[in-house]
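Residue-level structural notes
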Amino acid sequence: MSDPSASRDEGVARTARLRTDVSHSARIWNYWLGGKDHYPVDEEVGDQILSFVPALPRSAVADRRFLARAVRFLAGEAGVRQFLDVGTGLPTADNTHEVAQGVDSTCRIVYVDNDPLVLTHAHALLTSTPEGATDYIEADVHDPGAIIERAARTLNFDEPVAITMLGILNFVLDTDEAVGIVHRLLDAVPSGSYLVVSHPTTEVDGEAMRTAVDYWNGQGSAPMTLRSRTDLLRIFDRVDLLEPGLASCSRWRPEAAQEEIVDVTHFGGVGRKP
């Protein structure tokens, strides 16, 4: 039987971790996407970052659309029925479970984050079709073992799983560690599983992006890093990249005409585990 006092203590701890006086990447992303789940400090820092890279809201939109296209492909053409979404962020339009279960109602989705703000919104992520399932687990990207153990309550790791990691590995500052985390997760899933990653890069507006990240890292928020195409390709070294390979998120199997597409700072790719 659970201890009510332990639950209360845990809730107090989570509330204490919810800082409204320090900017937060998920809230800034929400601000740029036109959402309402942010505070004045997020608007202030978000606007300052836009003074360095005015096109970043376009990257935020392209990143979300990349996720939707990738999940739609995986649940549809690729036939994947299980999704492990690491680094969930705040719920917005076209969340993983909405897209996947919109293709096949039996899809099972586990969301992973360790942020108290995301936890307060987890109820919005736990809706599901009767035939499928969704779950939310609190775990840190630096601890893939805990992610795998807790996700196994909902997912069957003997069957293919799509691991999605959008805008999360940039908070793992060491590239060797980031690659190792991906390897641990891939080791837990069988052949025919997939890896989906998006990441801010130095490939578009490189100098401006470096200035923006330096500012971000200097004002008290969780530090992040940019990576080059070469570094990002290392993350996919155990999967076969699908066409068009590692690309600006706006150019991964776009629905718009090529002449209408503009490169964005976030790059993404989808790979299949052989």
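Let us look at the structure shown here.

Calculation rules
Residues numbered from 1 in each chain as written. Predicted model: local features only at pLDDT ≥ 70, side-chain atom pairs only at ≥ 80, totals over all residues. Heavy atoms only, no water. Helix = DSSP H or I, 4+ residues; strand = E, 2+ residues; numbered from the N terminus. Expected span 1.5 Å × (residues − 1). Buried < 20%, exposed > 50% of the residue type's maximum accessible area, 1.4 Å probe, protein only. Contact = heavy atoms within 4.5 Å. Polar contact = N/O pair within 3.5 Å; in protein donor to acceptor, adjacent residues only side chain to side chain. Core = buried A, V, L, I, M, F, W, Y, C linked by side-chain atoms within 4.5 Å. Phe/Tyr/Trp six-rings, centres within 6.5 Å; stacked < 30°, edge-to-face > 60°. Lys NZ or Arg CZ within 6 Å of the ring centre and 35° of its normal.

1. What to know about helix α8 (residues 175-187)
Taking 1.5 Å per residue, 13 residues should reach 18 Å; α8 reaches 18 Å between its end C-alpha atoms and fits that length. Inspection of α8 places Thr175, Ala178, Val179, Ile181, Val182, His183, Leu185 and Leu186 among the buried residues, and these make up the whole buried set. Tucked into the core, α8 has its buried residues touching α7 (144-151), β4 (162-166), β5 (194-200) and α10 (229-235). A distance of 3.1 Å separates the backbone nitrogen of aspartate 176 from a side-chain oxygen at the start of α8, and that oxygen is part of aspartate 174.

2. What to know about the nonpolar core
Core analysis: the biggest nonpolar cluster contains 34 residues, and Leu84, Ile163, Met165, Leu169, Leu195 and Ile235 have the highest contact counts within it. Broken down by secondary-structure element, the contributors of at least two residues to this core are β1 (82-86), β2 (108-113), α7, β4, α8, β5 and α10. Top element by residues in this core is α8. It accounts for six residues. Excluding residues within four positions of it along the chain, leucine 169 makes contact with Ala178, Val182, Val197, His199, Arg227 and Ile235.

3. Section: the packing of aromatic side chains
Overall, the coordinates contain three aromatic pairs when judged by the stated rule. Consider the rings of phenylalanine 66 and tryptophan 252, whose centres lie 5.6 Å apart with planes at 85°: the pair is edge-to-face. Taken together, the positions of phenylalanine 66 in helix α4 (residues 56-75) and tryptophan 252 in the loop between β7 (247-248) and β8 (266-272) put the pair 186 residues apart, joining distant regions of the chain. With a relative accessible area of 1%, tryptophan 252 lands in the buried category. Pairing phenylalanine 73 with tryptophan 252 gives two aromatic rings, centres 6.5 Å apart and planes at 70°, and the pair type is edge-to-face. Of the two residues, phenylalanine 73 sits in helix α4 while tryptophan 252 sits in the loop between β7 and β8, which places them 179 residues apart along the sequence. Three or more aromatic residues link up through ring pairs in this structure, and these residues are Phe66, Phe73 and Trp252. Taking NZ or CZ as reference, arginine 253 lies 4.7 Å from the ring centre of phenylalanine 73, over its face.

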